[in-house]
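The lines below spell out each chain.
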Amino acid sequence: MGNFKGHALPGSFFLLFGLWWSVKYPLKYVCRKNKNACYLGSRAGFQRLEFIEGIVKAAFALIGMIAEQFVPDGPHLKLYNYEEKHWDHLMNWQHATMYLFYSVSGLVDIVAYGTNALPVALDRMMLSLAVFIEGFLFYYHIHGREMLDFHVHQLLLVAIFGAAFCIFLEVFFRGSIVLEMLRTSLCILQGSWLWQIGFVLYPPNGRLEWNQVDHNNMMFLTMCYCWHYAFAFLILAVNYTIVSWVVRSKIKQAQSVEMGLLKTSERDHESEDEI
């Protein structure tokens, strides 16, 4: 992760899941409110989505682990260099460990929704643990860094530990749209901020590097972090509005068709009575 691509890959992972959740949870909520009239979602349908989501999560995490280990300058499964007598590429090993826990979370989703072998709440518990482990690793990952490097990663920890706590609450308050949307917003924030860190610390295309000790840069990036979160809430608001409008439109169309069929049936019945 010590380059631009290393931040863009996990950033894309979190952005993809955040954008997906910003559609899935409003759809689930609106269908739950209109369960007698909503034909777009069912309990079995959403369980299948959770199962597929687990497969995608495990696959993405596996790709991340392989990338961290087998990039040209990676450790290639070598943890200690006995020739030079020092640990080998511990940064890559920490990132691979983070991906490992997300892969376990994906496997728990697969088992929980593909069989009845596990309690359903275990998926949220394992996801909360995976996010916490990510933050725990990052907390000791940034020791001794330059001031700006330390600051942007410290801001990232706010989103990570906030998401971990939010998901932990979902274990006890499952189906809470407020917690689900809060978790989604923090996931989008984490993804977009990882991209921002990549642009700040590893400017692509030979762009001008940021001054690591300029306090004004810290002030700007703190403000920029708040803009990222505002943008995350904007995405949530837009997607929620679109999903609600689509579901209500489909419900009205279905009700109109039912009313038309009912009237036709009534006219046919009246014609039979007259005969």
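Calculation notes
Residues numbered from 1 in each chain as written. Predicted model: local features only at pLDDT ≥ 70, side-chain atom pairs only at ≥ 80, totals over all residues. Heavy atoms only, no water. Helix = DSSP H or I, 4+ residues; strand = E, 2+ residues; numbered from the N terminus. Contact = heavy atoms within 4.5 Å. Areas by Shrake-Rupley, 256 points an atom, 1.4 Å probe, with all protein chains shown as cover. Core = buried A, V, L, I, M, F, W, Y, C linked by side-chain atoms within 4.5 Å. Buried < 20%, exposed > 50% of the residue type's maximum accessible area, 1.4 Å probe, protein only. Axes fitted to C-alpha atoms, helices over the stretch in contact; angles between N-to-C directions. Parallel < 35°, antiparallel > 145°, perpendicular 65-115°, else oblique. Left-handed = near helix turned anticlockwise from the far one by under 90°. Nonpolar A, V, L, I, M, F, W, Y, C, P; charged D, E, K, R; others polar. Salt bridge = Lys/Arg side-chain N within 4 Å of Asp/Glu carboxyl O. Expected span 1.5 Å × (residues − 1). Polar contact = N/O pair within 3.5 Å; in protein donor to acceptor, adjacent residues only side chain to side chain. Phe/Tyr/Trp six-rings, centres within 6.5 Å; stacked < 30°, edge-to-face > 60°.

A short note on the overall build of the protein chain
If you tally the helices and strands in the protein chain, you get 7 helices and 2 strands. In the protein chain, the order of α-helices and β-strands from amino to carboxyl end is α-α-β-β-α-α-α-α-α. Relative to all contacts within the protein chain whose residues are 6 or more apart in sequence, the contacts with residues 24 or more apart total 74%. Split by element, the accessible area of the protein chain, about 15500 Å² in all, is 67% carbon and sulfur.

Topic: the nonpolar core
The biggest cluster of nonpolar side chains holds 43 residues, and the ones touching the most others in it are Tyr 102, Val 131, Leu 156 and Trp 193. Secondary-structure elements contributing two or more residues to this core are helix H1 (4-33), helix H2 (43-70), helix H3 (90-114), helix H4 (122-141), helix H5 (147-172), helix H6 (177-201) and helix H7 (215-274).

Quick word on the packing of H1 against H6
Close contact between H1 and H6 brings their axes to 7 Å; oriented N to C, the two are set at 160°. In this view, H1 runs roughly antiparallel relative to H6, as classed from their interaxial angle. Where H1 crosses over H6, the two elements pack in a sense that is left-handed. Looking at the contact of H1 with H6, its residues break down into 19 nonpolar, 10 polar and 2 charged.

Some details on unusual backbone geometry
For His 76, which is not glycine, the phi dihedral falls at a positive 55°. In this fold, His 76 is placed in the loop between H2 and strand S1 (80-81). Even without a glycine there, the phi angle at His 89 is positive, about 50°. Here His 89 is to be found in the loop between strand S2 (86-87) and H3. Judged by relative accessible area, His 89 falls into the partly exposed class, the value being 31%.

Considerations on the pattern of salt bridges
Inspection of every chain in the model, using the stated rule, returns 8 salt bridges. With a shortest N-O distance of 3.1 Å, Arg 124 and Glu 170 are connected by a salt bridge. Here Arg 124 is found in helix H4, whereas its partner Glu 170 is found in helix H5, with 46 residues between them in sequence. The two residues Arg 124 and Glu 170 agree in class, both being buried. In this structure, Arg 183 and Glu 170 form a salt bridge, with 2.7 Å as the shortest nitrogen-oxygen distance.

Re H1
Given 3.6 residues per helical turn, the α-helix brings residues three or four places apart onto the same face. Over its 30 residues, H1 runs 43 Å from end to end, which matches the ideal 44 Å to within 8%, given 1.5 Å per residue. One side-chain oxygen at the N-terminal end of H1 lies 3.2 Å from the backbone nitrogen of Lys 5; it belongs to Asn 3.

Observations regarding the packing of aromatic side chains
Tallied over the entire structure, the rule returns 23 aromatic pairs. Judged by centre distance (5.1 Å) and plane angle (45°), the rings of Phe 13 and Phe 17 are tilted. Pair noted here: Phe 13 and Phe 17 are both in helix H1, with a separation of 4 residues, about one helical turn. When its relative accessible area of 8% is taken as the criterion, Phe 13 is described as buried. Taking the centre distance of 5.9 Å and the plane angle of 70° together, the rings of Phe 17 and Trp 21 count as edge-to-face.

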